[in-house]
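Descriptive analysis of the structure
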Amino acid sequence: MNNDRNLNLTVLHMYYLNFVTVVFYSLVSNATAFRIARHFQAYEFLSEAGVIPNHPWRMPVQTILLFAALLCVSVTKNVFHHDSPVVRFCFILAEIILCIGIIEGLNFYYSGIALVVLADLVNYMENNGRRIILMIVLASVFVIGRYDIIPLAADRIAFASWLSYYSQPVRTSISLMESILVSANIIMFVYYMVMLFTSQKAENERIVSLNEQLKEANRKLREFALELERMAEIRERNRLAREIHDTLGHTLTGIIMGSEASLALFEDSPEESKKRIEAVTRSARDGLNDVRASIKALRPDSLQKQGLEITLREMIAKFQKTTNVAVIYEQFAGKLEFAVDEEDTLYRIIQECMTNAVRHGHADVIQICLRRHDDILTVDIRDNGSGCQTVTEGFGLRHMQERLDLLSGSLTYGNRADDPNDGKKGFYVIASLPVRRRQQEE
Amino acid sequence: MSQREKLLSKLILIISVFIMLAGSVWLNYSSADYILKIGVYSGSYWGTPNSDSYRILDQAAARFEELHPNIKVEYVSGIVSDEYSEWLAEQILKGTEPDLYFVLPEDFSLLASAGALADLSDMIKADSQFDPDSYYAPCLEAGRYNGIQYALPQESVPTIMFVNKTLLEEKGIDFPESDWTWDDFYDICQKVTDVENHIYGVYGYTWLNALYSNGFSLFSEDSSQCRLLDSRVLDAIRFVRRITELNQGYTVTARDFDIGNVAFRPFLYSEYRGYQPYPWRVKVYTGFEWDGIPMPAGEWGGNYSELHTMLLGVSARTRHSEAAREFAKMLSSDTELQQDMMRDSSGISPLKAVAESPETVAFMKENIPGGIIFDKESIHEIMSSAVSIPYFSKYEQAMTMADTAVSEMIANGPVNEDELLRIQRDINRFLKK
């Protein structure tokens, strides 16, 4: 913002300088005209010049009025910052036309005003292509709008003709002043352009570094999300431990105590012992029911309500949304209706693998494929992450193995660096298990 | 935002008020009374006395103001003709030049080429009352530059030959007829010339005088060719060289003529008109009697001479172009004004009807004792066949190039055609540039 203000200030100074230049040219040509007339050299002057000059008032009036208008347009365009391209185009066109009007009014003695307008508009223009067109147009005006080039100027009096009237020292000092004004304008223009480009370069660098920071923050955010999930898992495990302790521990303690008591009573009172064993049996059955209830309570809610198919899709969709990782899910296994423990296992394995792919492999594409041959269901999960040099326990692979062992399933996994198909590194997990048809719960 | 809108509406209000103000000023300006400024010199341009130089202009102004009550005609008086060119240039430089001004013959080319004069062709075409045929063609031609009519003729002055009657009588030579030829001219010069006694044939007769009377001009109509090697030009150059050779290397001066030692000298018609009447005649040349006749005719041409024409131009920058053109037209083509001008000034009206009118002839007879030579027929002859140089952009410089070389050749001889070819080539190259 500070930079913008500096740029605007430079343009304003360029306007001041050019105003002085415009007044300078008007003053020199007019003062000379009247001086020539006063010294009775008008006829000689006209014979040499070969053309009649414009009305003396025309140059100052035209140039100063147009200059004021140009300044008004320039200020207005900055104050009423308009976004409409039509309005912006009108402002730009008005400035260019006024600029040409001023150059014409100056008899094409000086075209440096085109540089001021260029400096004024180049920052105003946002489209790079149009900016180049504008630069070409105004640079052409600057280059072509000169007395000795433009054919229109053939019937104008050359500035040199006015100067030729004066003696050498006066002519030199006027030329010197002209040179200072013209050069100062060019120097200021170059200064402006250098300032503009350095400020834009700094701006670009800032944007790049901000982008980097944003990316880093995003990555951290994703890791935090996974961490959070993991915390939830741990809490869940603690609850499970408590549950097992409360229900299974309680039941088993009861069973142990009941069977010890019935053992002690077995000799003396078989009847009593039998009763105790019956009680133990009842307690064990109750315990089993309790465990079943507990397991049921542990299942993900939706799995219980909506079935594996929908739950998986929802979980994947949610995962894509939170982690911004593309998940390709292919299901060729028919209807996904299996026993509760099998469904749980499948769900957990897929969830764990996806988590691993992002957390350890930093993958951004995960491919999940479900297939079924007779009663064997295979889940193939692979990603395009960095893979893993040493597989550690933290990855939950042991849990997967254990779960599958319980269901007589198998698990293979490893880096797929040698995969010839896409040559990309990544990790793969293939789990297969025999499935039963869903049984009616007791 | 609302504050910005307020500011914007204020800006629009100010701008519209400004436009309305400018509009009303303009309306007021264009419809109201205004002053038509005329640029005019005092005295006579032709170097002869003129009793009341503004009389015709005042008369024209009064009539014009009567026709257009909203216009007032004004002019600055007291600018003598010697200072007129400078005065006009100053006014142009300061942007205050008159709407309509007299253009001296020698300034016309500069003013027309510099773009100071308005193009009058359209007016001439559009105006049914304006008849170009009522003018002598050479007079109208004088206001043309690059083929465009930039000015209208106001009065014209041809060149005539002054003859020292006393000298011819002394030598027993008859006064030449007005249709005399180069041969007659050469004969007389030869007879008169007496180098030992400092008596010579002619002073100031140039190859261009000879060329014009040979019915030719140096540059082609389209001003693209210089025709130095044309036989008519060569004849003229050779003739003047022969005349010059009679002097045996002596360069005749104006003083020789003034003291009565030279038989001929080309002069402007205005001098003849100006000095013929009684008081002046005595003052100028005391030692001898003199008279004027047309220039001697060349083999191919006639008794033609160069015509000098006072012109009227309208400023290219005037805001009252219509009125200025109309006033210029009035001064140039109104027979009544022109008739009056003939009486006052020492020029000849560019209008045939005025220059040859019985009134003019009667006036001349009455005022000029030797006026027999310039009767109706000879005026018609001189004016119709006179040569107005067709000005074009490079005329001055090309003419200077040719004149310098040819004059040198005439003064020191001989007439070298190879040299002339070289000069012609140089000039043609310059014209094509």
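Here, every reference points to the structure presented above.
Residues numbered from 1 in each chain as written. Chains lettered and ligands numbered in written order. Predicted model: local features only at pLDDT ≥ 70, side-chain atom pairs only at ≥ 80, totals over all residues. Heavy atoms only, no water.

**Quick notes on the overall build of chain A**
- Helix and strand counts for chain A come out as 13 helices and 5 strands.
- When burial is assessed residue by residue, chain A has 39% of its 442 residues classed as buried.
- Taking the contacts inside chain A whose residues are at least 6 apart along the sequence as the reference set, 73% of them involve residues at least 24 apart.
- Within the structure as shown, chain A displays about 25500 Å² of accessible surface, and the carbon and sulfur contribution to it stands at 60%. (Helix = DSSP H or I, 4+ residues; strand = E, 2+ residues; numbered from the N terminus. Buried < 20%, exposed > 50% of the residue type's maximum accessible area, 1.4 Å probe, protein only. Contact = heavy atoms within 4.5 Å. Areas by Shrake-Rupley, 256 points an atom, 1.4 Å probe, with all protein chains shown as cover.)

**What to know about the pairing of strand β10 (residues 307-314) of chain B**
Residues and elements named next belong to chain B.
- For β10, the tally of buried residues reaches 7 of 8 residues, placing the bulk of the element in the interior.
- In this structure, strand β3 (residues 100-103) lies alongside β10, joined through 4 bridges in antiparallel fashion. Looking at the pairing, Y101 lines up with G313 of β10. (Pairing = 2+ DSSP bridges.)

**As for the side chain of B:S305**
Residues and elements named next belong to chain B.
- Along the chain, S305 turns up in the loop between β9 (290-293) and β10.
- A distance of 2.9 Å separates a polar side-chain atom of S305 from the backbone oxygen of T159.
- Beyond its immediate chain neighbours, meaning those up to four positions away, S305 contacts P158, T159, M295, A386 and V387. (Polar contact = N/O pair within 3.5 Å; in protein donor to acceptor, adjacent residues only side chain to side chain.)

**Side note on a negative patch on the surface**
- Taken together, the side chains of B:D174, B:E177, B:D179, B:D183, B:D184, B:D187 and B:E299 make up a negatively charged region of the molecular surface.
- For B:D179, a relative accessible area of 54% puts it in the exposed group. (Patch = residues over 30% accessible without salt bridge, like charges linked within 9 Å, V, L, I, M, F, W, Y side chains within 5 Å. Salt bridge = Lys/Arg side-chain N within 4 Å of Asp/Glu carboxyl O. Lys, Arg positive; Asp, Glu negative; His and termini not counted. Charge placed at Lys NZ, Arg CZ, Asp CG, Glu CD.)

**Considering the side chain of B:N428**
All names here are of chain B.
- By secondary structure assignment, the location of N428 is in helix α20 (residues 417-432).
- When its relative accessible area of 11% is taken as the criterion, N428 is described as buried.
- Here N428 is in contact with S224, Q225 and C226, once residues within four sequence places are set aside.

**Quick notes on the packing of aromatic side chains**
- Using the criterion set out here, one finds 29 aromatic pairs over all chains in the structure.
- Relative to B:F264, the ring of B:W180 lies with its centre 5.2 Å away and its plane at 35 degrees, an arrangement referred to as tilted. You can see B:W180 sitting in the loop between α7 (165-171) and α8 (182-192) and its partner B:F264 sitting in strand β8 (residues 262-268), a full 84 residues away along the chain.
- By relative accessible area, which is 0% here, B:F264 ends up buried.
- Cluster of aromatic residues (ring-pair linked, three or more members): B:W180, B:W182, B:F185, B:Y205, B:F239 and B:F264.
- One residue, A:R88, lies across the ring of A:Y124, its end atom 4.2 Å from the ring centre.
- Just above the ring of B:Y186 sits the side chain of B:R242; from NZ or CZ to the centre is 4.3 Å. (Phe/Tyr/Trp six-rings, centres within 6.5 Å; stacked < 30°, edge-to-face > 60°. Lys NZ or Arg CZ within 6 Å of the ring centre and 35° of its normal.)

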